[in-house]
Amino acid sequence: MLEKIPSQLAVAELLGQQLFAVWQALCAAIDEKYEMERVWNTGGRNWTYEYKYRRGGKTLCSLFAKSNCIGFMIVFGKAERAKVEEIRDTLSAAVCRQYDEAKTYHDGKWVMFEPADTAAFADYMKLLAVKRKPNRK
C-alpha cells in the first residue's frame, strides 16, 4: 500500500500532459462501465505507481505509471482466455499481438498494454468485459 496517494498534479508531472490525458480518459472509460474499489499502490520494481480496480477481492485491471509511460494490465485466467479467443476477430491486430506476446504464468496470462493514445480503448473495454460484465447502467 502507498502511504500517500499521489495528487492528480503529481501523476500529470510524472506522465507528462499528453499521457496524463490518456490516463484520465482510460480511468473515465472504466469508471463509466464499472463500479469498483480503486486502490493505489507502489509500482514494484518497474513502475512508480499502480492504480488497481477491484471488487470482492478480485482485480479487474491495473494501471501503472512511471516517467512518460502508462501501463494497463489485465490478467486472464484459463476460462477467460477461451473467451478472448471467441472475440479475437473483433480486436485490432495490435491488441491481438500484445495479447499473443504476453507471458502465461500458472495463475493466468498477464497482458500489459502501454497506451500512448486512446485508439485501443474500445478493445480494452471488450477485454475487460471478458473478465467481468460491466456493472453500471
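Caption draft 1: Just the pattern of salt bridges, in detail. If you walk through the whole model with that rule in mind, you get 7 salt bridges. For Lys131, the salt bridge is made with Glu80, and the minimal N-O distance between the two is 3.3 Å. Residue Lys131 is located in helix 5 (residues 121–131), and its partner Glu80 is located in helix 3 (residues 78–87); the two are separated by 51 residues in the primary sequence. Close ionic contact of Asp100 with Arg88 constitutes a salt bridge, the shortest N to O distance being 2.5 Å. Placement of Asp100 in helix 4 (residues 93–101) and of Arg88 in the loop between helix 3 and helix 4 is noted, with a sequence separation of 12 residues between them. Members of the salt-bridge network, linked through shared partners, are Glu85, Arg88 and Asp100.

Caption draft 2: Structural view of the state of the cysteines. Under the definition given, this model contains 0 disulfides. With no disulfide partner, Cys61 has as its closest neighbouring cysteine sulfur the one in Cys27, 8.5 Å distant. In this structure Cys69 is not part of a disulfide, and its nearest cysteine sulfur, from Cys27, lies 15 Å away.

Caption draft 3: Spatial organisation of helix 5. What helix 5 keeps buried is the set Phe121, Asp123, Tyr124, Met125, Leu127, Leu128 and Val130. In the core, the buried residues of helix 5 are packed alongside helix 2 (17–33), strand 3 (58–66), strand 4 (69–76), helix 3, helix 4 and strand 6 (108–113).

Caption draft 4: Highlighting the packing of aromatic side chains. Under the counting rule described, the total for this entry stands at 12 aromatic pairs. Ring centres 6.2 Å apart and planes at 35 degrees place the aromatic pair Trp23 and Tyr51 in the tilted group. Of the two residues, Trp23 is situated in helix 2 and Tyr51 in strand 2 (residues 49–55); the sequence distance between them amounts to 28 residues. Each member of the pair, Trp23 as well as Tyr51, is classed as buried. Aromatic rings pair up to connect Trp23, Trp40, Tyr49, Tyr51 and Tyr53 into one cluster. Positioned over the ring face of Tyr105 is Lys103, at 5.5 Å from the centre of the ring. Between the NZ or CZ atom of Lys109 and the centre of the ring of Tyr99, over which it lies, the distance is 5.1 Å.

Calculation rules
Residues numbered from 1 in each chain as written. Predicted model: local features only at pLDDT ≥ 70, side-chain atom pairs only at ≥ 80, totals over all residues. Heavy atoms only, no water. Salt bridge = Lys/Arg side-chain N within 4 Å of Asp/Glu carboxyl O. Helix = DSSP H or I, 4+ residues; strand = E, 2+ residues; numbered from the N terminus. Disulfide = S-S within 2.5 Å. Buried < 20%, exposed > 50% of the residue type's maximum accessible area, 1.4 Å probe, protein only. Contact = heavy atoms within 4.5 Å. Phe/Tyr/Trp six-rings, centres within 6.5 Å; stacked < 30°, edge-to-face > 60°. Lys NZ or Arg CZ within 6 Å of the ring centre and 35° of its normal.

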